[in-house]
Amino acid sequence: MTQHHFAQSLEDLATFDTILSMSGLAFMQAIIKGDLPGAPIGKTMGFVPIHAEHGSVTFEGTPQFDVLNPIRTVHGGWYGTVLDSCMACAVQTTLAAGQIYTTLEYKINILRSIPPGMTVHAIGKVQHAGRSTGIANGEIRGVEDGKLYATGSTTCIIMNGPRK
């Protein structure tokens, strides 16, 4: 079990000096261990990173009432947010200290509706990480039923972090 916690203010988030001093994998593992706070979007949307290794990140989430659309199903934005997070963070695990990244584009395919209150894993895996781009795929699977609920792909831009 992790000691994960979410940032509650801008001051809680890691500084650029901290971020740039660590490899992307060390940064993700520090969030999972609770040494650094997680992103507030995870609290808002109901998901947390639970595992990170070089080229792969897993988030666990349970969509609740607050992320439903008017027709009583989990909003497509929830799928997109958790897939963007796991895929982009997978790219982050390949970064050296001093590098940063951001999502350039992503695409998702929703295959079936996730029932509200059902726990899923969103797994991002890097297909390519080069000098200036990273490409990853992702999938959302039910923890208990193992069914595939959605897939995604992303392209991230990799850059050197800001210098003082």
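Conventions we followed
- Residues numbered from 1 in each chain as written.
- Predicted model: local features only at pLDDT ≥ 70, side-chain atom pairs only at ≥ 80, totals over all residues.
- Heavy atoms only, no water.
- Salt bridge = Lys/Arg side-chain N within 4 Å of Asp/Glu carboxyl O.
- Buried < 20%, exposed > 50% of the residue type's maximum accessible area, 1.4 Å probe, protein only.
- 1 Å grid on protein atoms, 1.4 Å probe; cavity = no way out; pocket = protein on both sides within 12 Å on 5 of 7 lines; lining within 4 Å.
- Points joined across faces, edges and corners; volume = space filled by probe spheres on them.
- Helix = DSSP H or I, 4+ residues; strand = E, 2+ residues; numbered from the N terminus.
- Nonpolar A, V, L, I, M, F, W, Y, C, P; charged D, E, K, R; others polar.
- Contact = heavy atoms within 4.5 Å.
- Core = buried A, V, L, I, M, F, W, Y, C linked by side-chain atoms within 4.5 Å.
- Phe/Tyr/Trp six-rings, centres within 6.5 Å; stacked < 30°, edge-to-face > 60°.
- Lys NZ or Arg CZ within 6 Å of the ring centre and 35° of its normal.
- Patch = residues over 30% accessible without salt bridge, like charges linked within 9 Å, V, L, I, M, F, W, Y side chains within 5 Å.
- Areas by Shrake-Rupley, 256 points an atom, 1.4 Å probe, with all protein chains shown as cover.

Moving on, we come to the pattern of salt bridges. Two side chains bearing opposite charge may form a pair once their charged atoms approach each other closely. What the rule picks out here adds up to two salt bridges. For the salt bridge of Asp-35 with Lys-33, the shortest nitrogen-to-oxygen distance reads 3.4 Å. Classification of Lys-33 by relative accessible area gives exposed; the value is 54%.

Let us look at the layout of surface pockets. Each pocket or cavity is described by its volume, and for the largest pocket that value is around 740 Å³. Listed by contribution, the elements that provide at least two residues to the lining of the largest pocket are helix 1 (16–21), helix 2 (24–33), helix 3 (40–45), strand 1 (47–53), helix 4 (76–92) and strand 3 (99–110). Top contributing element to the lining of the largest pocket by residue count: helix 4, with six residues. Residues of the lining of the largest pocket, tallied by class, amount to 24 nonpolar, 11 polar and one charged.

Structurally, Ala-52 can be placed in strand 1. With relative accessibility at 7%, the residue Ala-52 sits in the buried group. The spacing of Ala-52 and Thr-18 is 34 residues in sequence and 18 Å in space, taken between C-alpha atoms. If we ignore the near neighbours within four places in the chain, the residues touching Ala-52 are Leu-25, Met-28, Gln-29, Ile-32, Val-57 and Thr-93.

Within the largest apolar cluster, 31 residues are counted, with the highest numbers of intra-cluster contacts made by Val-57, Phe-59, Trp-78, Val-82, Ile-114 and Ile-140. Taken together, the elements giving at least two residues each to this core come down to helix 2, strand 1, strand 2 (56–61), helix 4, strand 4 (120–129), strand 5 (133–142) and strand 6 (148–160). Of all hydrophobic cores here, the second largest spans six residues; its members include Ile-19, Ala-30, Ile-31 and Leu-36.

Let us look at the packing of aromatic side chains. One pass over the structure, following the stated rule, counts three aromatic pairs. Seen from their ring centres, Phe-47 and Phe-59 are 5.5 Å apart, and the 75° between their planes marks the pair as edge-to-face. Linking Phe-47 in strand 1 with Phe-59 in strand 2, this pair joins segments that are 12 residues apart in sequence. Comparing Phe-47 with Phe-59, the two get one shared label, buried. Measuring from centroid to centroid gives 6.4 Å for Trp-78 and Tyr-79, while their planes differ by 85°, and the two rings are edge-to-face. Like Tyr-79, Trp-78 is buried. Here the guanidinium or amino end of Arg-112 rests over the ring plane of Tyr-149, the centre of that ring lying 5.7 Å away.

Turning our attention to the environment of Phe-27. In this structure, Phe-27 sits in helix 2. Exposure remark for Phe-27: the relative accessible area of 12% places this residue in the buried category. When sequence neighbours within four positions are dropped, the list of residues in contact with Phe-27 reads Ala-14, Ile-19, Met-22, Leu-36 and Gln-92.

Take a nonpolar patch on the surface next. Nonpolar side chains collect at one region of the surface, where Leu-104, Ile-157 and Met-159 lie side by side and expose about 250 Å² of accessible area between them. Its location among the elements puts Leu-104 in strand 3. According to the relative accessible area criterion, Leu-104 is exposed, its value standing at 59%.

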